[in-house]
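Each chain, written out:
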Amino acid sequence: MDVVNVLHMNAGNRKCSYANNSTLQETVILKARKVLEETTRDYSTQGFPACFRLADLGCSSGPNALLVVANIVGNVHALCKQQKLKAPDEFQVFLNDLPNNDFNAVFKMTAQFYSNLENQIGREKSVNCFISAVPGSFYGRLFPSNSLHLVHSSYGVHWLSQVPGELLDTNKGNIYLSKSSPSSVYEAYLNQFKSDFATFLRMRSREMIPDGRMVLTLIGRSIADPTSKDCCHIYGLLAKSLHDLLDEGLLLEEDINSFNLPIYTPWTNELEEIIESESSFSLDRFETFEVNWDTRDDNEILKSEDSSGKFIAKTMRAVFEPLLTSHFGNAFMDKLFEKYAMHVNEHLLIEKTNYFNIVISLTRKI
């Protein structure tokens, strides 16, 4: 699987697009906002530069793409007002994602973004905020040396640069880690994540100024067991849905056996060990929180025409459909996610399940 060219969220404004099915990601961004605000406050102790350069890595498309930027710029201005500091004259914002990301949709939202920002900060202050796109993998260099003051990524770094090569025909019947996966599959995933995340930190250490700050949010797990319910159930139900299509003669067994997701949900200890071993950054904050698979409250669910299964299936389809169609084709996607919605509903009748999220704040060592 050519992850760089295949991995992207569903583009456009269709019913199954990411733009219309990303409330999970919005919920996570808002829950992690306090850490981002505290990190920005820490940075303010050294004073803000005239041009404050920030990057959002894995920005995707849809309304969330500019949400973090608005939060950061607004927070910087609020801090400067509270602490009687000089605010930056300019903000230079870099939005990064892989080349097939729907950047056009992002730029169509910039006019509304600037209007909202003006209203948020106050019309009496001029906000010079310059936004540009930087397509490419964040597992390589993206920016000039010593150029960035603040880096942010939400739901980006649990994606791998590639499916571990050792998985070929060894994880039969599964598309990610499961109770039936051999231990070698876990080792392959872990080693790929260790290599990728260390590379990610190394690349950012070259691009950020000394004492620059970085905030990362990702899906992880709370215990050592790599097949725990923290992280595997939701993908196991997708594998089960693929097997339904196999039973109906719509897919081949070898197609399922040769498909694995380029994702890894690390244990908190694994993440800390990689940061310490790579050694470019100091770890300032490490927090965790959980979010329901169905992010709606009870009233929203009652008023909605969508069951929890259907709502969650839309969220998953917006993220994973391009990967699935690149391998299986697009003829059965509607049927696949109908099966998936059914399996999710059945699962939630037995057990309410959450995503386990990790948010970390790092400082680039001098």
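Quick caveat, the model's predicted, so the values are computed rather than measured.

Turning next to the overall build of the protein. Each helix and strand in the protein was counted, giving 13 helices and seven strands. A compact globule built from 366 residues would reach a C-alpha radius of gyration of about 21 Å, and the protein, at 21 Å, matches this within 12%. Along the three orthogonal principal directions, the C-alpha set of the protein runs to about 65 × 45 × 35 Å. The burial tally for the protein puts 56% of its 366 residues in the buried class. Intrachain contacts of the protein at a sequence separation of at least 6 include 83% that bridge at least 24 residues. Accessible surface, the protein as shown: approximately 15700 Å² in total, 48% of it carbon and sulfur.

Moving on, we come to unusual backbone geometry. Residues apart from glycine generally show negative phi values, whereas peptide bonds are mostly found in trans. Phi angles above zero are rare outside glycine, and Lys-84 is one such case at about 55°. Turning to its location among the elements, Lys-84 is positioned in the loop between helix 4 (67–83) and strand 2 (90–97).

As a further point, take the packing of helix 8 (residues 233–247) against helix 13 (residues 333–350). Two elements in contact, helix 8 and helix 13, have axes whose closest approach is 9 Å; the angle formed by their N-to-C orientations is 130°. As far as their axial angle goes, helix 13 and helix 8 are oblique. Between helix 8 and helix 13 the crossing geometry is right-handed. In this structure, helix 8 uses His-233, Ile-234, Leu-237, Leu-238, Lys-240, Ser-241, Leu-242, Asp-244 and Leu-245 to contact helix 13, whose residues at the interface are Lys-335, Leu-336, Phe-337, Lys-339, Tyr-340, Met-342, His-343, Val-344 and His-347. A per-class count over the contact of helix 8 with helix 13 returns ten nonpolar, four polar and four charged.

In this structure the tally under the stated criterion is 18 aromatic pairs. Centre to centre, the rings of Phe-94 and Phe-143 are 5.3 Å apart; their planes meet at 55°, and the pair counts as tilted. Remark: Phe-143 occurs in the loop between strand 3 (128–135) and strand 4 (148–154) and Phe-94 occurs in strand 2; sequence separation between them is 49 residues. Ring geometry for Phe-193 versus Phe-197: centroids 5.6 Å apart, planes at 5°, classification stacked. Here the residue Phe-193 and the residue Phe-197 both occupy positions in helix 7 (residues 183–207), the gap between them amounting to four residues, near one helical turn. Each member of the pair, Phe-193 together with Phe-197, is buried.

Attention now moves to the pattern of salt bridges. Going through the model one piece at a time under the given rule, you end up with twelve salt bridges. Close ionic contact of Arg-285 with Glu-38 constitutes a salt bridge, the shortest N to O distance being 3.0 Å. In this pair, Arg-285 is assigned in strand 6 (residues 281–292) and Glu-38 in helix 3 (residues 33–44), connecting sequence segments 247 residues apart. Among the ionic contacts, a cluster of salt bridges with common partners joins Glu-38, Asp-42 and Arg-285.

Counting 118 residues, the largest nonpolar core has Phe-197, Phe-200, Phe-320 and Tyr-340 as its most contacted members. When residues no more than four places from it in sequence are discounted, the contact partners of Phe-200 are Leu-57, Phe-138, Tyr-139, Val-157, Met-214 and Leu-216.

Our next topic: the pairing of strand 7 (residues 354–364). When you tally the buried positions in strand 7, you get ten out of eleven residues, the bulk of the element. Pairing geometry for strand 5 (residues 208–219) and strand 7, over seven bridges, is antiparallel. Paired with Leu-218 across the bridge in strand 7 is Ile-358. Where strand 6 lies against strand 7, eleven bridges are found, and the strand directions are antiparallel. Paired with Glu-287 across the bridge in strand 7 is Val-359.

Before going further, it helps to spend a moment on the sheet that holds strand 7. Pairing between the strands of a sheet comes from backbone hydrogen bonds, and it takes one of two forms, parallel or antiparallel. Ordered by their spatial adjacency, seven strands build an open sheet running 3-2-1-4-5-7-6, and the pairing between neighbours is mixed. Every interior strand has two partners, whereas the edge strands, strand 3 and strand 6, have only one. On average, adjacent strands in this sheet sit at an angle of 15° to one another, irrespective of strand direction. Summarising the sheet, strand 1 (residues 51–57) and strand 4 pair through three bridges and their orientation is parallel. For Leu-54, the partnering residue across the bridge sits in strand 4 and is Leu-150. Most of the contacts of helix 2 (residues 23–31) go to strand 6, to which it runs at about 130°, and overall it touches strand 4, strand 5, strand 6 and strand 7. Along the sheet, helix 7 contacts strand 1, strand 4, strand 5, strand 6 and strand 7; its crossing angle with strand 5, the most-contacted strand, is approximately 150°.

Under the definition given, this model contains zero disulfides. A disulfide-free cysteine, Cys-51 has its sulfur positioned 9.9 Å from the sulfur of Cys-129, the nearest such atom. By relative accessible area, which is 17% here, Cys-51 ends up buried.

For the rest of this paragraph, the subject is the packing of helix 12 (residues 308–328) against helix 13. Between helix 12 and helix 13, the shortest axis-to-axis distance is 9 Å and the interhelical angle comes to 135°. When the axes of helix 12 and helix 13 are compared, the pair comes out oblique. Remark: the crossing between helix 12 and helix 13 carries right-handed chirality. Every residue of helix 13 that contacts helix 12 at Ser-308, Gly-309, Lys-310, Ile-312, Ala-313, Met-316, Arg-317, Glu-321, Leu-324 and Thr-325 is listed here: Met-333, Asp-334, Leu-336, Phe-337, Tyr-340, Ala-341, Val-344, Asn-345 and Leu-348.

This next bit is on the environment of Leu-283. The topology assignment puts Leu-283 in strand 6. Each C-alpha atom, one on Leu-283 and one on Thr-363, is 6.7 Å from the other, the two residues being 80 residues apart in sequence.

Calculation notes
- Residues numbered from 1 in each chain as written.
- Predicted model: local features only at pLDDT ≥ 70, side-chain atom pairs only at ≥ 80, totals over all residues.
- Heavy atoms only, no water.
- Helix = DSSP H or I, 4+ residues; strand = E, 2+ residues; numbered from the N terminus.
- Rg over C-alpha atoms; globule rule 2.2 N^0.38 Å.
- Buried < 20%, exposed > 50% of the residue type's maximum accessible area, 1.4 Å probe, protein only.
- Contact = heavy atoms within 4.5 Å.
- Areas by Shrake-Rupley, 256 points an atom, 1.4 Å probe, with all protein chains shown as cover.
- Axes fitted to C-alpha atoms, helices over the stretch in contact; angles between N-to-C directions.
- Parallel < 35°, antiparallel > 145°, perpendicular 65-115°, else oblique.
- Left-handed = near helix turned anticlockwise from the far one by under 90°.
- Nonpolar A, V, L, I, M, F, W, Y, C, P; charged D, E, K, R; others polar.
- Phe/Tyr/Trp six-rings, centres within 6.5 Å; stacked < 30°, edge-to-face > 60°.
- Salt bridge = Lys/Arg side-chain N within 4 Å of Asp/Glu carboxyl O.
- Core = buried A, V, L, I, M, F, W, Y, C linked by side-chain atoms within 4.5 Å.
- Pairing = 2+ DSSP bridges.
- Disulfide = S-S within 2.5 Å.

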